[in-house]
Amino acid sequence: MDTAEVYMPIAIDELVSGTLNPVDLFIRLSEGKFIQVAKANTTLDLSQIKNYKTKSIEYLYVRKDDFSRISAQSIQLAGMMIQRNDVAPEKKATYLTKASSSVFKRMDHIGLDLEMYHNAQQVTEAVITLVETQSQFAVLFGNLASSNDHLLNHSVGVSVLSAMIGVELGFQKKATLEKLALGGLLHDIGLKTLPSGLIKKSLIEMTNDEAQLYETHPYRGAKVLLGLGSVPDDVIAIVYEHHENAIGQGYPQRIRDVKMHPLAKIVALADQFISLTLIGPNCPNPKSAREALLFIESTLGLPFNKDAFRALKRVIEKEPQRKAG
Ligand SMILES: [Fe+2]
Ligand SMILES: [Fe+2]
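The structure contained in this document is the topic of the report that follows. Throughout this description, residue numbers start from 1 for each chain and increase along the sequence as written. Numbering of ligands from 1 and lettering of chains from A proceed in the order in which they are written. With pLDDT at 70 or above as the cut-off, local features in this predicted model cover only qualifying residues; side-chain atom pairs require 80 or more to be listed or tallied, and sums for whole chains, interfaces and linings still use all residues.

## Quick notes on the overall build of the protein chain
We apply this condition: Secondary structure elements are defined from DSSP: runs of H or I of at least 4 residues count as helices, runs of E of at least 2 residues count as strands, and each element is numbered from the N terminus. What the globule rule says is 2.2 Å times the number of residues to the power 0.38, and the radius of gyration is computed from C-alpha atoms. Residue burial is a threshold on neighbouring C-beta atoms within 10 Å of the residue's own C-beta, all placed from the backbone, with 20 or more meaning buried, 12 or fewer meaning exposed, and counts in between meaning partly exposed. Residue pairs are scored as contacts if the distance between their C-beta atoms, which are placed from the backbone, is within 7 Å.
A tally of helices and strands in the protein chain yields 14 helices and six strands. Against the compact-globule benchmark of 20 Å for 325 residues, the protein chain has a radius of gyration of 20 Å, which places it among compact chains. Counting every position in the protein chain, which comprises 325 residues, the buried fraction comes to 39%. Taking all contacts inside the protein chain whose residues are at least 6 apart in sequence as the whole, residues at least 24 apart take part in 67%.

## Regarding the pairing of strand β4 (residues 33–38)
What counts here: Should DSSP find at least two bridges between two strands, the strands are regarded as paired.
Of the pairings in the sheet, the one linking strand β3 (residues 25–30) to β4 comprises five bridges and is antiparallel in character. Paired with Ser 30 across the two strands is Lys 33, which belongs to β4. Here β3 hands over to β4 after two residues, with Gly 32 in that stretch at a positive phi of 80°.

## Regarding the nonpolar core
Short version of the rule: Any nonpolar core is a set of buried residues, restricted to Ala, Val, Leu, Ile, Met, Phe, Trp, Tyr and Cys, that join up through C-beta atoms within 7 Å.
Core analysis: the biggest nonpolar cluster contains 72 residues, and Leu 96, Val 127 and Val 160 have the highest contact counts within it. For this core, the element with the highest residue contribution is helix α12 (residues 262–277), accounting for 10 residues. Once you skip the residues sitting within four places of it in the chain, Val 160 turns out to touch Val 127, Leu 130, Val 131, Leu 140 and Leu 144. Formed by 11 residues, the second largest nonpolar core is a distinct cluster that contains Met 8, Phe 26, Val 62 and Ile 70.

## Looking at helix α3 (residues 89–109)
Every α-helical turn comprises 3.6 residues, leaving residues that sit three or four positions apart pointing alike. Our working rule: By this rule, a helix spans an expected 1.5 Å times one less than how many residues it contains.
Between the first and last C-alpha of α3 there are 31 Å, a value that for 21 residues agrees with the 30 Å anticipated at 1.5 Å per step. For α3, the buried fraction is high: 16 of the 21 residues fall into the buried class. Looking one or two residues past α3, Gly 111 carries a phi angle of roughly 120°, positive in sign.

This is the structure we're talking about:
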């Protein structure tokens, strides 16, 4: 055991029993002390690991250099599971959240780098396959929010819902849908550059200065993506404009619907809807999907693109197909 090695945590619920585990896995005994509990290239048996100690284990650890391999595997697995007809949609949504989680972990521990971006792109391909094969939001939704990381759940929710609205609006090109889903997944990455204490606060708890700092996150996110050098302008525009709204009362530019990027209009609406329906610092009591629609329309006065809103309404109001008998 090499104590000088740097280890990164992986939530145990991100791993899937019965899959081939590509890396050595460790348990942390105490600060700087790790013990190996699974070898690379063996079949993962989580029940065995969970029994290792009587206290419950939430995290396993991997060597920092191995992290890319384990996230690549989790993304690949999600891609495969989502294509399979014999896997329930609820399960597919869980795989998607697990795969996205590895992207967000990378942001936390390694930074917002090109590999994070490529991983996010691969997750987006899985998002598109998922929404093309499963159009019922209600079926997917409960299982998207399966992690205890609010920002992760929120981002996956916005990504999937944005893609669903795009499909409902009749977008045919895969490349457009992928940009939409990618912009949705990464829209709040600017928050990762702010103090973590700040983003855990609700907007009403923030001082004026803190709120001003918070409102820099669209700009910060766009700047990070621009710095990577290979991110399409459309994706950067989504990130930069996701807090604008149709009536020119958003931020940072206060632009109106006609000036907004067409994909940003969709993500701005999906962002608002998911913020109302998923638990988070600004939403201790989430609304149901129909309540959220009503709130956006009546209480907020629909400050979003009307076509996008109508499409969202159709997505939500689709009745689940019931099996006969
Ligand atoms: Fe945001
Ligand atoms: Fe957001």
